[in-house]
Amino acid sequence: WSPPQEVAQLGGEKCIDFIRSALKAGAANTRMTLFLLGDGEAGKTSVFRALKSASSTTKRLREDMRTVGIDMEEWLPETAGAAGKALGSGGALSFRVLDLAGQAVYEMTHQFFLLQRAVYMLVWRAF
């Protein structure tokens, strides 16, 4: 358990109070936001498609299938094993996925979507 930043800024005693309260009456957060960030044609959409695929692979995207602006999708990954046990009876883990286009023309718009409490996946092209 980790207190949010606004609680941590109040000091150690408030952090301990938060953790005790969360252990007594808290619930697991099963919904998160996942941002896919990187340059244009780095493979953000392909990486996400591979994550969703049972074979962990995907086909190459055609140029007319590339992300324009932002693509949003709900994703419910498999929660077998340790991840599923950690969630307990809180339900399935779900992600609101925001695939941000990487072309320079869209970079200025990214700031309007970014959140403080989110998971960020940075994808880059290795040459």
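Above this text is the structure in question.
Below is a short write-up of the structure. (Residues numbered from 1 in each chain as written. Predicted model: local features only at pLDDT ≥ 70, side-chain atom pairs only at ≥ 80, totals over all residues. Heavy atoms only, no water.)

### Focus: the overall build of the protein
Going by this rule: Working definition: helices are DSSP H or I runs of at least four residues, strands are E runs of at least two. Numbering for both runs from the N terminus. A 1.4 Å probe rolled over the protein chains alone gives each residue an accessible area, and that area as a share of the maximum for its type sets the label: buried under 20%, exposed over 50%, partly exposed in between. Any two residues having at least one pair of non-hydrogen atoms within 4.5 Å are treated as being in contact. Accessible areas in this description were obtained via Shrake-Rupley with a 1.4 Å probe; residue shielding takes into account the shown protein chains only.
Of the regular secondary structure elements, the protein holds four helices and four strands. Along the chain direction, N to C, the helices and strands of the protein fall in the order α-α-β-α-β-α-β-β. The burial tally for the protein puts 28% of its 127 residues in the buried class. Long-range contacts, defined as pairs at least 24 residues apart, comprise 66% of the intrachain contacts of the protein with a sequence gap of at least 6. Carbon and sulfur atoms make up 56% of the accessible area of the protein, which amounts to about 9,200 Å² in all.

### Thoughts on the packing of aromatic side chains
To keep it simple, the criterion reads: Pairing of aromatic rings covers Phe, Tyr and Trp, the last through its six-membered ring, and needs centres within 6.5 Å; plane angles under 30 degrees mean stacked, over 60 mean edge-to-face, and all others mean tilted.
All chains considered together, the criterion is met by three aromatic pairs. With 4.9 Å between their ring centres and 10° between their planes, F35 and Y120 make a pair best called stacked. Note that F35 is positioned in strand β1 (residues 31–37) and Y120 in strand β4 (residues 119–122), a separation of 85 residues in sequence. Ring geometry for F48 against W75: centres 5.4 Å apart, planes inclined by 90°, an arrangement best described as edge-to-face. Of the two residues, F48 sits in helix α3 (residues 44–52) while W75 sits in strand β2 (residues 70–75), which places them 27 residues apart along the sequence. Residue F48 shares its accessibility class with W75, and that shared class is buried.

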